[in-house]
Amino acid sequence: MAMVKSDKIWMNGQFVAWDDAKVHVLSHVLHYGSSVFEGIRAYHTKNGPAIFRLGEHIERLMQSSKIYRMKVPYSAEQIERVCLETVAINNLKECYIRPLVYRGYAHVGVNPIGTPIDVMVAAYPWGKYLGDDALTKGVAVKIGTWARMAPNTLPAMAKAGGNYLNSQLLKLEAVEDGYAEAIALDTQGYVSEGSGENMFIVIKGEIITPPVASSILAGITRSSVMKLANDMGYSVREAVVPREMLYIADEVFFTGTAVEITPVTSVDRIEIGNGERGPVTKAIQDAFFGIVNGDLPDRYGWLSMVPQSAAKR
Ligand code: PPE
């Protein structure tokens, strides 16, 4: 699964050719996982590409940096502008945007003091995260045997590179065992999140999602879905979810920038509902995609249009 290249990547203040966007092998980040990042999507609309909740993503990037005491040498506004420019300069209609803040090359040794804080932003095409028909057909998942990090080990609210070692263990186990994805429990045994997705369940007409205290990343798609569902008249609650509540739920779905809103049709080979995408999941998908594709009014101000002139700045 080679990635689709674009032309240019922004690194520390300038655009460089895709193939020249390199780091030194003794960069701190490579040895100790010292990075924080974002994943953002830009959608194709009739008025050009629109970036979904850019402000919230860059705000979270700055918060992740703060948690790890990384002083980002650019303001949030500057990084937002770079994201818009990176989409424009690469002439992308729709894409995934990956800003990364990382500890660069100075010395090897755990102590990060004195390492430069490097920043890069790339934008490139990225299709459906869990397969082409995942959004309509749904996916089969298992509960992973690795727990999500305990609250006093690694901070789950930071979207840090190192967190994704745990995600990789979960993902590899799932794929080896023939599932699309794994759901992690927290160290108390309650449902946390997928390797790169938040979880929702629909049960007895209510929509429930695990709280931030269940070692989740506070997802921006998650907060968007909570807002949409609430405004659509559903009862939406954050609540601690025991594993077996997944089995008896009427619907289960994932949310995330990459995964968007993807139905989960079985957990541990136990069919959820009738084993197909449920009506609530479908209604929320329609509301979400209506907004991001520009077919419905952007009534929450979630879209940042990419100005054509951004490429020339
Ligand atoms: N939890 C985790 C662990 C996570 O990585 C993501 C996003 C979410 C929840 C959902 O958050 P949000 O995107 O703000 O709704 N995962 C990103 C990285 C995926 C990857 O494979 O890389 C993403 O979806 O962009």
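In case you missed it, the structure is sitting above this.
Cut-offs used in this document
- Residues numbered from 1 in each chain as written.
- Predicted model: local features only at pLDDT ≥ 70, side-chain atom pairs only at ≥ 80, totals over all residues.
- Heavy atoms only, no water.
- Near = heavy atom within 4 Å.
- Polar contact = N/O pair within 3.5 Å; in protein donor to acceptor, adjacent residues only side chain to side chain.
- Helix = DSSP H or I, 4+ residues; strand = E, 2+ residues; numbered from the N terminus.
- Nonpolar A, V, L, I, M, F, W, Y, C, P; charged D, E, K, R; others polar.
- Domains from an automatic or database assignment.
- Core = buried A, V, L, I, M, F, W, Y, C linked by side-chain atoms within 4.5 Å.
- Buried < 20%, exposed > 50% of the residue type's maximum accessible area, 1.4 Å probe, protein only.
- Contact = heavy atoms within 4.5 Å.
- Phe/Tyr/Trp six-rings, centres within 6.5 Å; stacked < 30°, edge-to-face > 60°.
- Lys NZ or Arg CZ within 6 Å of the ring centre and 35° of its normal.
- Patch = residues over 30% accessible without salt bridge, like charges linked within 9 Å, V, L, I, M, F, W, Y side chains within 5 Å.
- Areas by Shrake-Rupley, 256 points an atom, 1.4 Å probe, with all protein chains shown as cover.
- Salt bridge = Lys/Arg side-chain N within 4 Å of Asp/Glu carboxyl O.
- Expected span 1.5 Å × (residues − 1).

Enquirer: Even after reading the chapter, I still don't get the site of the ligand, so can you show me in this structure?
Expert: Among the 22 residues in the neighbourhood of the ligand, the closest are listed as Tyr 96, Tyr 129, Tyr 164, Thr 221 and Thr 257. One of the side-chain N or O atoms of Arg 98 is found 3.1 Å from an oxygen atom in the ligand. Listing elements by their share of the shell around the ligand, those giving two or more residues are β6 (95–103), α6 (220–231) and β14 (251–256). Of the residues that constitute the shell around the ligand, the class distribution is 7 nonpolar, 9 polar and 6 charged. Composition of the shell around the ligand by domain shows at least three residues from each of domain 1 (8–127) and domain 2 (134–277).

Enquirer: Where do I start with the nonpolar core in this structure?
Expert: It is characteristic of soluble globular proteins that their nonpolar side chains tend to be buried jointly. If you look at the biggest cluster of nonpolar residues, it comprises 28 residues, and the most contacted ones within it are Ile 51, Ile 58, Cys 83, Val 87, Ile 97 and Val 101. For this core, the elements supplying multiple residues, two or more each, are β4 (40–45), α2 (54–67), α3 (76–89), β6 and β7 (117–124). The biggest single contributor to this core is α3, with 7 residues. Discounting chain neighbours no more than four positions away, the residues touching Cys 83 are Ile 40, Ile 51, Leu 54, Ile 58, Ile 97, Pro 99 and Val 121. One finds Tyr 43, Leu 135, Met 226 and Phe 253 within the second-largest nonpolar core, a separate group that totals 24 residues.

Enquirer: Even after reading the chapter, I still don't get the packing of aromatic side chains, so can you show me in this structure?
Expert: To describe a pair of aromatic rings, you give the distance between the ring centres and the angle between the ring planes. Throughout the structure, instances matching the rule amount to 12 aromatic pairs. Both rings, one in Phe 52 and one in Trp 302, keep their centres 5.6 Å apart while their planes meet at 85°; by these two values the pair is edge-to-face. Here Phe 52 is found in strand β5 (residues 48–52), whereas its partner Trp 302 is found in the loop between α8 (279–292) and β17 (303–305), with 250 residues between them in sequence. The class for Phe 52 is buried, based on a relative accessible area of 5%. Accessibility expressed as a relative area gives 6% for Trp 302, which makes it buried. Ring geometry for Trp 126 and Tyr 129: centres 5.5 Å apart, planes at 85°, overall edge-to-face. Residue Tyr 129 is classed as partly exposed on the basis of its relative accessible area of 28%. Each member of the aromatic cluster is reached from another via a ring pair, and the members are Tyr 43, Phe 52, Phe 288, Phe 289, Tyr 300 and Trp 302. Here the basic side chain of Lys 171 rests over the ring of Tyr 129, its NZ or CZ set 5.5 Å away from the ring centre. For Arg 269, the ring lying beneath its charged end belongs to Tyr 179, and the centroid distance is 4.2 Å.

Enquirer: Whenever I open this one, a nonpolar patch on the surface confuses me. Can you help?
Expert: On the surface, a cluster of nonpolar side chains totalling about 750 Å² of accessible area is made up of Val 23, Val 25, Leu 26, Leu 30, Tyr 32, Tyr 105, Val 108 and Val 110. With respect to the element layout, Val 110 can be found in the loop between β6 and β7. By relative accessible area, Val 110 is classed as exposed at 61%.

Enquirer: Sorry, what's going on with α6 here?
Expert: Residues spaced three or four apart along an α-helix face the same direction, because each turn holds 3.6 residues. Over its 12 residues, α6 extends 17 Å from the first C-alpha to the last, a length consistent with the 16 Å expected when each residue adds 1.5 Å. Those residues of α6 that fall on the buried side of the exposure criterion are Ile 220, Thr 221, Arg 222, Ser 224, Val 225, Met 226, Leu 228 and Ala 229. Just downstream of α6 lies Gly 233, where phi reads positive at about 100°.

Enquirer: What should I look at first to understand the environment of His 31 in this one?
Expert: Mapped onto the elements of the fold, His 31 is located in helix α1 (residues 28–32). For His 31, a relative accessible area of 39% puts it in the partly exposed group. Along the backbone, His 31 and Ile 183 are 152 residues apart, and their C-alpha atoms lie at a distance of 27 Å. The contact partners of His 31, leaving out residues within four places of it in the chain, are Val 25, Leu 26 and Val 108. Within the structure, the side chain of His 31 is placed 2.8 Å from the backbone oxygen of Val 25, a separation counted as a polar contact.

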